Amino acid sequence: MRRLFLAALIFVAIGPALGARQVRPVVDTASQDIAVHALGYPAGRAGALRFVRGWRLSSSNAMFGGFSSLAVTGPDRFQLVADNGYWARFAVLPGDRVADARIGKIPVPGGNVGKKSKSDVEALLFDPATGQSRVALEFVNEVWRLDPTLGRIESRAALPQPHWPKNSGPEAMARLPDGRIVIFSENADDDPRGCEALLFEGDPSVPGTRAQRFYYDAEGKGAVSDATTLPDGRILLVHRRVGFDPVFTTTVAIVDPADIRPGAVLRSRTIGRVPGALADNYEGAAVTTDGARIFLWLVSDNNFNRWQRSLLVQFELVGLPVRAPDSKKAAR
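Peer 1: Would you mind going over the pattern of salt bridges with me for this structure?
Peer 2: As enumerated under the stated definition, the model contains 20 salt bridges in all. Salt-bridge contacts for E201 lead to R210; the nearest nitrogen and oxygen are separated by 3.4 Å. Judged by relative accessible area, which is 58%, R210 ranks as exposed. Close ionic contact of R323 with D256 constitutes a salt bridge, the shortest N to O distance being 2.8 Å. Taken together, the positions of R323 in the segment after β23 (311–317) and D256 in the loop between β18 (248–255) and β19 (265–267) put the pair 67 residues apart, joining distant regions of the chain. Of the two residues, R323 and D256, both sit in the buried class. Each of R134, R145, R152, E154 and D203 takes part in one network of salt bridges that share partners.

Structure below.
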């Protein structure tokens, strides 16, 4: 994420009156407590997004926050990974009670535990069959496969685009039904065709996995902040745009991987925007199902600012446009 540019825009937009100063980690980096506070937002629909429920997240652990990625690992069970390399796991029980809370840090090659640039996770894929997680990291421009405890790197590989800028590199990652994985950059090289993206034939954390490059034109929706896959195989993209009122606008759109071709430009169809009352810096997304119902979960990155929140919200996706019957197979 282009943090300096983003911070400058926010400062201009809201000024210092709101107390927009960084919350610096102080004493407590060991606590394992996590609390959820229900959001009092009425059910409503914005395009295909129908708000179901949500919480503001908090912890006395000073490293809790900055969440840039999200996985739903079971019914109301969540795994969040932040751009400071810390992760959180917890379950939400009836009555907004939290169980099985754990906070930790992913390992860093070479033991540079104090260097945020070595553990800037921006995207996450959780494998329910193995419990493994794959994370995409900016600055180092790599994908790592972590063991189920998130305590050991099993495999790691550099992206085959070494020229991606350190702070505009891999931002979103989605697994297609056939096992291929798509990674979108935040804005690699400011190419006029759009942001660069890669479609991997297999696991991008394995060195030598082949990938084809294409481009994504967001058409003014903002920068891609995460991606996930719908049950029909289409890719859902979350976009973040910085402005004045609200500071953050989150636009959700869908693309069909059947349209991906080497060097081609991919475009998306907007399906909804997060309502202004819930606006924040959403950077993590996951899709779950319950029978025929489809749900989108979003988590926000509070940047460790006092005026931002760590929000975890659930929307039901209703009235989605139907996938074209001739687009079942993406090009290889």
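On we go.
Peer 1: Hey, could you run me through the layout of surface pockets in this one?
Peer 2: Regions of empty space are outlined by a rolling probe, equal in size to a water molecule, passed over the atoms. As a volume, the largest pocket reaches approximately 770 Å³. Among the secondary structure elements, those contributing two or more residues to the lining of the largest pocket are β3 (49–58), β4 (67–74), β8 (121–126), β12 (170–175), β16 (223–229), β21 (282–290) and β22 (293–300). Sort the elements by how many residues they give to the lining of the largest pocket and β21 lands first, with six residues. The class makeup of the residues in the lining of the largest pocket is 21 nonpolar, seven polar and six charged.

Peer 1: I would appreciate a short explanation of the sheet that holds strand β5 (residues 77–82) in the present structure.
Peer 2: Adjacent strands of a sheet pair through backbone hydrogen bonds, lying either parallel or antiparallel. Reading across the sheet, the four strands line up as β4-β5-β6-β7 and stay open at both edges, with antiparallel pairing between neighbours. The open sheet terminates on both sides in strands that have one partner only, identified here as β4 and β7 (97–105). Adjacent strand axes in the sheet meet at a mean angle of 15° when their direction is disregarded. Across seven bridges, the pairing between strand β6 (residues 86–93) and β7 is antiparallel. Paired with A88 across the strands is I103, a residue of β7.

The rules we used
- Residues numbered from 1 in each chain as written.
- Predicted model: local features only at pLDDT ≥ 70, side-chain atom pairs only at ≥ 80, totals over all residues.
- Heavy atoms only, no water.
- Salt bridge = Lys/Arg side-chain N within 4 Å of Asp/Glu carboxyl O.
- Buried < 20%, exposed > 50% of the residue type's maximum accessible area, 1.4 Å probe, protein only.
- Helix = DSSP H or I, 4+ residues; strand = E, 2+ residues; numbered from the N terminus.
- 1 Å grid on protein atoms, 1.4 Å probe; cavity = no way out; pocket = protein on both sides within 12 Å on 5 of 7 lines; lining within 4 Å.
- Points joined across faces, edges and corners; volume = space filled by probe spheres on them.
- Nonpolar A, V, L, I, M, F, W, Y, C, P; charged D, E, K, R; others polar.
- Pairing = 2+ DSSP bridges.
- Axes fitted to C-alpha atoms, helices over the stretch in contact; angles between N-to-C directions.

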